[in-house]
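Here's the letter readout for the chains.
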Amino acid sequence: MSLLLLPQHRSFFNSLLQYTNLKDLQKGKAIHAQLLRTGSFSSVYLANSLVNLYAKCGSLVKAKLIFESITNKDVVSWNCLINGYSQQGPAGSPLVMEIFQRMRAENTLPNAHTFAGVFTAASSSPETSGGLQAHALAIKTSSFYDVFVGSSLLNMYCKIGCLLDARKVFDRIPERNSVSWATMISGYAMQRKALEAWGLFLLMCREEGIHNEFIYTSVLSALTVPELVDHGKQIHCLALKNGLLSVVSVGNALVTMYAKCRCLDDALKTFEFTGDKNSITWSAMITGYAQAGDSHEALKLFSYMHFNGNKPSEFTFVGVINACSDIGALGEGKQMHGYSLKMGYESQIFIMTALVDMYAKCGSLVDARKGFDYLKEPDIVLWTSMIGGYVQNGENETALNLYCRMQMEGILPNELTMASVLRACSSLAALEQGKQIHARTIKYGFNLEVPIGSALSTMYAKCGSLEDGNLVFRRMPTRDIVSWNAMISGLSQNGEGRKALELFEEMRQGTTKPDYVTFVNILSACSHMGLVERGKVYFKMMLDEFGIIPRVEHYACMVDILSRAGKLQEAKEFIESATIDHGMYLWRILLGACRNYRDYELGAYAGEKLMELGSEESSAYVLLSSIYAALGRSDDVERVRRVMKLRGVNKDPGCSWIELKSQVHVFVVGDQIHPQIANIRRELRRLSKHMKDEVHESPEDIDSTALYV
């Protein structure tokens, strides 16, 4: 090109080329000023060089102004602007397509560089039609056979998820290079097609024998499940053999691969042998610990990283914040929040989403909502985190309200969103709303895979709609332990204990192993049916057959089984022989059973145990007081009342709700707020009179409200 320039323009051209490569905008502007002063701007070569300078330096507004001032634009003029915008990601993609269409309208024939820029822009655009049209034109103009164009087109199809089209392009590229192979392997990796990626890597080894960091990092990014860790180890050996372990990107990819495959010892060894660690290396190891459930180790490693003077990246922060979420480390999470602000990451959507999730999981819903409202982003992960946080903390009505707002704003939910909303319906026993959400899942095309299937079966079971719950359960292609537990619990709590036990035996015949929740449900079913001996068998089975150490919930179920069967003395002996710290929980169950069976002496013993342990449950004092009243021990009644008052124990008001005609009515003891309270009280008085007329109260019944007279 320099041969076509006038001698006085060559120095300007060379200087612009130099400053463009260095991205030195200030010196480039100085040359621009000299061109304007000397009247040399009319040269299309110099004008193109200026467009290229501003575009490469990110000053696209200025680049476009100069581009528009060029009267005799050539293909290079268009290419400079197209390639500049194509580097701006999704924001620049629509502008690239607009410029490309205008270029064709002005009858400028695109070349290989044009198509490379257009395909790069199309790879980050949600609209695929522009890229497909450009592909057709590339074939028509014979530019498709350029290796650079072929690689860009291949990248576009991989990025938009059209792997079949990508493979067709890959197979037709006449001369494949390492970029082509790496791009196709990465495409498979992005779509979690690990076996296809591995197969293509083996094909490359046989046909080309290319060994570089791009190929290795691409194939390692696909090997992220424990079943494929041996393939990852083979790549590790090849990297060692070919001297690529010293390349930072390869080391990072190996650490990430081992961490995601849950081989933390191998990940740590690779991490320690990596000499030139960067923020990606640290992030990979920290995230690996967090995802493997070893959050304390993740926080410890981050602290070590900080004190060694390594600056965290935004990905490091996400890993550490997620670790704080998993263990409920609110204090450390707040420190990470402050540190991320100090590092200037407050505008990063994924960091703020992780913070919202952390605050929600740690129970700090006010802080979570502040972060959520601050972002004001239509990001589904953010909305899901906030809705899930409300559900996790029992704010189910707020969760449903937020979901309705999300719908009104036109944000489409994902499977995790719908699962959280279904859990909210489960907790509220809101069957009608649950059915509406079920219909929505069908409308959005979600199938009955986990987590939707589990959440649906749980919702129907908890709402007492066992037939619908069983229908969902049986149609699930794969059932996890949550779905099994939901159905067993639903059957147990709705008077179908035998079916619950039969379902448990069916689960034992399959591949799903029961967990501690399963045995809580099974023991509860035995309790409701009075199956004492079978309950003892299941309690023993936990440890002997499945290695599950009984928790306080299981001991409580056993005390309940014995107490309901009237075996109160055996229940007392079971409590006193318990090897775990059960606090007051077991004595409270026995106390209630003693009242029901009128074993007042043993009831007094259990009640005194509760008082001795400092119980703050009002019901325990009420029951003990009524037992002493039945025994005629008025002094003890007064003593219980004094202790209760001294400890500041108050009776919590009861609360219940009912759903009627798609409206939820909430009632609290002493409620005077409900708009129909007068009619409700009138009906209650009528029913009470009717009950008294039908059944006379037994003189032996205990007035448990005497304590409050």
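Quick caveat: nothing in here was measured; it's all calculated off a predicted structure.

A. Just the UniProt feature "repeat: PPR" (unreviewed entry) in the chain, in detail. According to UniProt, the "repeat: PPR" (unreviewed entry) feature falls on residues 74–110, 146–180, 278–312, 379–413 and 480–514. Each end of residues 74–110 is marked by a C-alpha atom, and these two atoms are 10 Å apart; helix forms 68% of the span and strand 0%. Secondary structure content for residues 480–514 is 74% helix and 0% strand, and the end C-alpha separation is 10 Å.

B. Representation of the pattern of salt bridges within the structure. Across all of its chains, the model carries 23 salt bridges by this definition. Between Arg102 and Glu68 there is a salt bridge whose closest N-O contact spans 2.8 Å. Pair noted here: Arg102 is in helix α6 (residues 93–105) and Glu68 is in helix α4 (residues 60–69), with a separation of 34 residues, a long-range link. The exposure class assigned to Arg102 is partly exposed, which follows from its relative accessible area of 29%. The class for Glu68 is partly exposed, based on a relative accessible area of 34%. Across the pair Arg639 and Asp636 runs a salt bridge, and its minimum N-O distance is 3.2 Å.

C. Region of the structure containing unusual backbone geometry. Along the chain, Val450 connects to Pro451 via a cis peptide bond; the corresponding omega equals 10 degrees. Looking at the secondary structure, you find Pro451 in the loop between α26 (431–443) and α27 (452–462). Within the chain, Lys23 stands out as a residue other than glycine whose phi angle is a positive 55 degrees. Assessed through its relative accessible area of 55%, Lys23 is described here as exposed. Phi is positive for Arg192, close to 60 degrees, though the residue is something other than glycine. Arg192 sits in the exposed class, given a relative accessible area of 77%.

D. Representation of the domain arrangement of the chain in the model. What the domain assignment reports for the chain is domain 1 (278–371), domain 2 (378–466), domain 3 (479–550), domain 4 (556–652) and domain 5 (656–686). Relative placement of domain 3 and domain 5: their C-alpha centres are 37 Å apart.

E. Structural context of the confidence of the model for the chain. Of the residues in the chain, 94% have a pLDDT of 70 or more, and the chain-wide mean is 88. Scored below 50 in pLDDT, residues 697–709 shows 20 contacts in the model against residues more than four places distant or in partner chains.

F. Quick look at the environment of Cys261. Locating Cys261 in the fold gives a position in the loop between α15 (248–260) and α16 (264–273). Classification of Cys261 by relative accessible area gives buried; the value is 3%. Considering only alpha carbons, one finds Cys261 and Asn401, 140 residues apart in sequence, at a separation of 39 Å. Not counting residues up to four positions away in its chain, the partners in contact with Cys261 are Leu223, Thr224, Val225, Pro226 and Val229.

G. Spotlight on the side chain of Ser125. Structurally, Ser125 can be placed in the loop between α7 (112–122) and α8 (129–140). At a separation of 3.2 Å, a polar atom in the side chain of Ser125 contacts the main-chain amide nitrogen of Glu127. If we ignore the near neighbours within four places in the chain, the residues touching Ser125 are Ser93 and Ile160.

H. Representation of the packing of helix α36 (residues 600–612) against helix α37 (residues 618–630) within the structure. Running from N to C, α36 and α37 cross one another at 145 degrees; their axes reach a closest spacing of 9 Å. The hand of the α36/α37 crossing is left-handed. Within the contact between the two elements, α36 uses Tyr600, Gly603, Ala604, Gly607, Glu608, Leu610 and Met611 and α37 uses Ala620, Tyr621, Leu624, Ile627, Tyr628 and Ala630. Looking at side-chain class alone, the contact of α36 with α37 contains ten nonpolar, two polar and one charged residues.

I. Representation of the nonpolar core in the model. Counting 153 residues, the largest nonpolar core has Met184 and Phe201 as its most contacted members. Among the domains, domain 1 (278–371) and domain 2 (378–466) are the pair contributing at least three residues each to this core. With near-sequence residues (within four places) excluded, Met184 lies in contact with Leu154, Cys158, Leu163, Ala166, Arg167, Phe170 and Leu200. In terms of nonpolar packing, the next biggest core, distinct from the first, is built from 50 residues, Met487, Ile561, Leu562 and Cys594 among them.

J. A look at the packing of aromatic side chains. Scanning the entire structure with this criterion turns up 23 aromatic pairs. Aromatic side chains Trp282 and Tyr304 sit 6.0 Å apart centroid to centroid with 50 degrees between the ring planes, which places their arrangement in the tilted category. You can see Trp282 sitting in helix α17 (residues 279–291) and its partner Tyr304 sitting in helix α18 (residues 295–307), a full 22 residues away along the chain. When the ring of Phe302 is compared with that of Tyr339, the centres are 6.2 Å apart and the planes differ by 65 degrees; the resulting orientation is edge-to-face. On the criterion of sequence distance, the pair formed by Phe302 in helix α18 and Tyr339 in helix α20 (residues 330–342) is long-range, its members being 37 residues apart. Here Phe302 and Tyr339 have matching classes, each one buried. Site record: aromatic cluster; members linked through ring pairs are Phe302, Phe317, Tyr339 and Tyr345. A cation sits over an aromatic face here: Lys277 above Phe271, 5.0 Å from the ring centre. Of note, Arg479 hangs over the ring of Phe473, and the distance from its end group to the ring centre comes to 4.7 Å.

Conventions adopted
Residues numbered from 1 in each chain as written. Predicted model: local features only at pLDDT ≥ 70, side-chain atom pairs only at ≥ 80, totals over all residues. Heavy atoms only, no water. UniProt positions renumbered as here; feature names shortened; annotations may be inferred. Helix = DSSP H or I, 4+ residues; strand = E, 2+ residues; numbered from the N terminus. Salt bridge = Lys/Arg side-chain N within 4 Å of Asp/Glu carboxyl O. Buried < 20%, exposed > 50% of the residue type's maximum accessible area, 1.4 Å probe, protein only. Domains from an automatic or database assignment. pLDDT = per-residue confidence, 0-100. Contact = heavy atoms within 4.5 Å. Polar contact = N/O pair within 3.5 Å; in protein donor to acceptor, adjacent residues only side chain to side chain. Axes fitted to C-alpha atoms, helices over the stretch in contact; angles between N-to-C directions. Left-handed = near helix turned anticlockwise from the far one by under 90°. Nonpolar A, V, L, I, M, F, W, Y, C, P; charged D, E, K, R; others polar. Core = buried A, V, L, I, M, F, W, Y, C linked by side-chain atoms within 4.5 Å. Phe/Tyr/Trp six-rings, centres within 6.5 Å; stacked < 30°, edge-to-face > 60°. Lys NZ or Arg CZ within 6 Å of the ring centre and 35° of its normal.

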